[in-house]
Amino acid sequence: MKQPLAYVHPDAKVADNVVIEPFVSIDHDVVIGEGTRIGSGVTILPGTRIGKNCNIFPGAVIGGVPQDLKFKGEYSTVEIGDNNTIREFVTVNRGTSAKGKTVIGDNNLLMAYVHVAHDCKVGSNIILVNNVQLAGEVQVDDWAILGGMSAVHQFVRIGSHVMISGGSLVRKDVPPFIKAGREPLSYVGINSIGLRRRQYNNEKIREVQDIYRYIYQKGLNTAQAVEIIEAEMPATPERDEVLLFVKDSKRGIIRGYFPD
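These notes cover the structure that comes with them.

Calculation notes
- Every chain's residues receive numbers from 1 upward, in the order its sequence appears when written.
- Only residues with pLDDT of at least 70 get local features here, since the model is predicted, and only at 80 or more are side-chain atom pairs given and counted; chain-wide, interface and lining totals rely on the full set of residues.
- Excluding hydrogens and water, the side-chain figures rest on all heavy atoms present in the structure.
- Strands are labelled as partners when DSSP assigns at least two bridges between them.
- The numbering of helices and of strands both runs from the N terminus, where a helix is a DSSP run of H or I of at least 4 residues and a strand a run of E of at least 2.
- Type-normalised accessible area, obtained with a 1.4 Å probe on protein chains alone, sets the label of each residue: buried when under 20%, exposed when over 50%, and partly exposed for intermediate values.
- Note: the arc covers the axis-to-C-beta directions of the helix.
- Here, residues are in contact when the closest pair of their heavy atoms is within 4.5 Å.
- Pairs of N or O atoms are called polar contacts if they sit within 3.5 Å, as long as, within protein, a hydrogen donor faces a hydrogen acceptor (for residues adjacent in sequence, only side-chain-to-side-chain pairs).
- Each axis is a line fitted through C-alpha atoms, taken for helices only over the stretch in contact, and angles between the N-to-C directions span 0 to 180 degrees.
- Note on angle classes: values under 35 degrees are labelled roughly parallel, values over 145 roughly antiparallel, values of 65 to 115 roughly perpendicular, and the remainder oblique.
- The sense of a crossing depends on the near helix, which, turned anticlockwise from the far helix by less than a right angle, makes the crossing left-handed and, turned clockwise, makes it right-handed.
- Each residue is assigned to one of three groups, with Ala, Val, Leu, Ile, Met, Phe, Trp, Tyr, Cys and Pro labelled nonpolar, Asp, Glu, Lys and Arg labelled charged, and all others, Gly among them, labelled polar.
- Here, nonpolar core means buried Ala, Val, Leu, Ile, Met, Phe, Trp, Tyr and Cys residues that are tied together by side-chain atoms lying within 4.5 Å of each other.

**Let's talk about the sheet that holds strand 24 (residues 163-164)**
Working step 1: Here we have eleven strands laid out as an open sheet, ordered 3-6-9-12-15-18-21-24-26-27-28, and mixed in their pairing. Both edges of this open sheet fall to strand 3 (19-20) and strand 28 (255-256), since each of them pairs with a single strand only.

**So, unusual backbone geometry**
Working step 1: Between glutamate 183 and the following residue, proline 184, the backbone shows a cis peptide bond with an omega angle of 0°.
Working step 2: Relative to the helices and strands, proline 184 resides in the loop between strand 26 (178-181) and strand 27 (186-190).
Working step 3: Of note, aspartate 119 is a non-glycine position whose phi angle comes to about 65°, a positive value.
Working step 4: Relative to the helices and strands, aspartate 119 resides in the loop between strand 16 (115-116) and strand 17 (121-122).
Working step 5: Here the phi dihedral of glutamine 199 falls at roughly 70°; this positive angle occurs in a residue that is not glycine.
Working step 6: Structurally, the position occupied by glutamine 199 is in the loop between helix 1 (192-197) and helix 2 (202-217).
Working step 7: Its relative accessible area of 67% is what places glutamine 199 among the exposed residues.

**Brief notes about helix 3 (residues 222-232)**
Working step 1: Considered for burial, the residues of helix 3 that qualify are Ala225, Val226 and Ile229. The buried residues of helix 3 occupy an angular sector of 100° when the element is viewed end-on, so they sit on one face. Seen from the buried face of helix 3, the exposed residues on the opposite side, beyond 90 degrees, are Ala223, Glu227, Ala231 and Glu232.
Working step 2: Looking at the packing, one finds that the buried side of helix 3 touches helix 2 and helix 4 (237-248).
Working step 3: Structurally, the start of helix 3 carries an N-cap: the backbone nitrogen of alanine 223 is 3.2 Å from a side-chain oxygen of asparagine 221.

**Quick word on the environment of cysteine 120**
Working step 1: Secondary-structure assignment places cysteine 120 in the loop between strand 16 and strand 17.
Working step 2: We classify cysteine 120 as buried; its relative accessible area is 1%.
Working step 3: Along the backbone, cysteine 120 and isoleucine 158 are 38 residues apart, and their C-alpha atoms lie at a distance of 12 Å.
Working step 4: Contacts of cysteine 120, omitting those with residues within four sequence positions, involve Lys101, Thr102, Val103, Leu134, Ala135, Gly136, Glu137 and Val138.

**Quick look at the packing of helix 2 against helix 4**
Working step 1: One way to put it is that helix 2 packs onto helix 4 with a least axis distance of 9 Å and a crossing angle of 30°. For the element pair helix 2 / helix 4, the angle class is roughly parallel. For helix 2 against helix 4, the interelement crossing comes out right-handed. Residue-level inspection shows Lys204, Glu207, Val208, Ile211, Tyr212 and Ile215 of helix 2 in contact with helix 4, the latter providing Pro237, Glu238, Arg239, Val242 and Val246.
Working step 2: Of the residues in the contact of helix 2 with helix 4, the class split is seven nonpolar, no polar and four charged.

**Considering the sheet that holds strand 16**
Working step 1: In spatial order, the strands read 1-4-7-10-13-16-19-22-25; together these nine strands make up an open sheet with parallel pairing. Here the strands that pair on one side only, and so sit at the sheet edges, are strand 1 (7-8) and strand 25 (169-170).
Working step 2: Inspection of the sheet shows strand 22 (residues 151-152) paired to strand 25 by two bridges, in the parallel sense. Counted as the bridge partner of valine 152 is valine 170 from strand 25.

**Things to note about the packing of helix 2 against helix 3**
Working step 1: Viewed as axis vectors pointing N to C, helix 2 and helix 3 meet at an angle of 150°, and their least axial separation amounts to 9 Å. One element, helix 2, and the other, helix 3, form an angle in the roughly antiparallel class. The handedness of the crossing between helix 2 and helix 3 is right-handed. Contacts between helix 2 and helix 3 involve Ile211, Tyr214 and Ile215 from the former and Ala225, Ile228, Ile229 and Glu232 from the latter.

**Structural notes on the nonpolar core**
Working step 1: Grouped together as the largest cluster of nonpolar side chains are 66 residues, with contacts concentrated most on Val116, Leu134, Leu146, Ile158, Val174 and Ile215.
Working step 2: Of all elements in the fold, only strand 5 (30-32), strand 11 (77-80), strand 26, strand 27, helix 2, helix 3 and helix 4 reach the threshold of two or more residues within this core.
Working step 3: A per-element tally of this core places helix 2 first, with seven residues.
Working step 4: Apart from the residues lying within four places of it in its own chain, the contact partners of leucine 134 are His115, Val116, Ala117, Cys120, Val122, Leu128, Val140, Leu146 and Val152.

Shape descriptors only; they carry no functional weight alone.
Quick look at the structure:
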């Protein structure tokens, strides 16, 4: 259903039951799936792909040109999955030659004024609270929650099931299953409440705690901790996820918390 005061380019591919409110602008080379609602004043620019049953609130701008000086007008896209809620004045920029696309998965909540920069990869079931700012080429893995006003440095990766305190400056990678807070951003424990909500049992939570005791609480450097974990702890999906994350980290992982 399209309101008469909305503009939809004739080359845009919009499913028949998409709701388009007044003052929306949908450009060419845009695809929008069934059941999606586009709120008043939303701007959707070329190269945008939006899945089914998304709800985009007034003022959002999707598919904007990257705020990156290396961008030279090359073709790139934004790919947004199904069942996402994108609140007021969220901005999502399309990719550059670095990766070619910005990707947001399924079942995410992006609260008001969130910014997702060029070439980011945001997984599924993620909450980005008001005013979270993701710089270019940031990766956020499934089930992460970033508190309001958090700013994430370019190229940082945030692991699955992570919870980050509001107002955080995220300069290094945050490994999976943990809570992070303080300044500079530090390990402050396991995200045990979040893991229980996602059906992790006590045995699995204790296993994750044991892994991070080696990494953060035994006075070892990261290489030593990884070596001991591999040698002494049996292989499980959780253990291997943490080890692979740490080994693949390009910026290094956040530090442990040591009280003054």
